Amino acid sequence: MTWRRRDDHREPSVSARAPLAGDGVVVRWLHHDRSRRWWRILPVLLYGTFIVYQSLANGGALVCGGPVLEWPRRVSRIDVLANIVAYVPLGWLCAVTTTAHARRSGARIMLLLTSAGLGSGLSFALEVVQSCQAGRVSSALDWAANSAGAALGVALALLLPTL
């Protein structure tokens, strides 16, 4: 920005104006900011894709009509523990990603609750799809364990905001 002498009371020169979108500086800044946002959510998308693949792999053809979210007759502790452990990283990644720039505590709490809801919602959607697969069973216990794992991951993000 070039200004005139101190005793000259005219408007600043043209180069003192704020940069416009066509100037290149702002466009590069906006592009850089968007690419940084993409890299922030990439771990969440990759881990979410891994969970979807593991949940639906070898399920067979889609033949809807099976029971949705029925309670299992037999409860396997290993299965429950595996479901909890599988969703802890997803809850942690969602919470750390969404609350990275939250300044107000009210907004941070809302984003943490949203992160837990995203994990639970993904689990619910996968359980509904599993009810349509011939080789899979839709279980309310799996949904509850997955939701608990996502919530535990969100709680862990309060203790370990970054690694």
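The coordinates are above.
So, here's what we can say about the structure. (Residues numbered from 1 in each chain as written. Predicted model: local features only at pLDDT ≥ 70, side-chain atom pairs only at ≥ 80, totals over all residues. Heavy atoms only, no water.)

Observations concerning the overall build of the chain
Along the chain, the regular secondary structure elements total four helices and zero strands. Secondary structure elements of the chain, listed N to C terminal, follow the sequence α-α-α-α. Across the 163 residues that make up the chain, the buried fraction comes to 28%. Long-range contacts, defined here as pairs at least 24 residues apart, represent 75% of the contacts in the chain between residues at least 6 apart. Accessible surface, the chain as shown: approximately 11400 Å² in total, 66% of it carbon and sulfur. (Helix = DSSP H or I, 4+ residues; strand = E, 2+ residues; numbered from the N terminus. Buried < 20%, exposed > 50% of the residue type's maximum accessible area, 1.4 Å probe, protein only. Contact = heavy atoms within 4.5 Å. Areas by Shrake-Rupley, 256 points an atom, 1.4 Å probe, with all protein chains shown as cover.)

What to know about the nonpolar core
Val 44, Ile 51, Tyr 87, Leu 90, Ala 95 and Val 154 are the most contacted members of the largest nonpolar core, which has 14 residues in total. Elements that contribute at least two residues to this core include exactly helix 1 (25-56), helix 2 (77-98), helix 3 (105-131) and helix 4 (140-159). If you tally residues by element for this core, the top one is helix 2, at six residues. When neighbours within four sequence positions are excluded, Ala 95 is seen to be in contact with Leu 112, Ser 115, Val 154 and Ala 157. (Core = buried A, V, L, I, M, F, W, Y, C linked by side-chain atoms within 4.5 Å.)

A short note on helix 4
The end-to-end C-alpha distance of helix 4 is 29 Å, a good match for the 28 Å that 20 residues give at a rise of 1.5 Å each. When we look at burial in helix 4, the residues that qualify are Ala 140, Leu 141, Asp 142, Ala 145, Asn 146, Ser 147, Gly 149, Ala 150, Gly 153, Val 154 and Ala 157. Residues of helix 4 that are buried sit in contact with helix 2 and helix 3. The backbone nitrogen of Leu 141 lies 3.2 Å from a side-chain oxygen of the residue at the head of helix 4, namely Ser 139. (Expected span 1.5 Å × (residues − 1). Polar contact = N/O pair within 3.5 Å; in protein donor to acceptor, adjacent residues only side chain to side chain.)

Side note on a nonpolar patch on the surface
On the surface, Leu 156, Leu 158, Leu 159 and Leu 160 cluster together to form a nonpolar patch covering roughly 380 Å² of accessible area. Mapped onto the fold, Leu 160 is located in the segment after helix 4. Taking the relative accessible area as the measure of exposure, Leu 160 reaches 38% and is therefore partly exposed. (Patch = residues over 30% accessible without salt bridge, like charges linked within 9 Å, V, L, I, M, F, W, Y side chains within 5 Å. Salt bridge = Lys/Arg side-chain N within 4 Å of Asp/Glu carboxyl O.)

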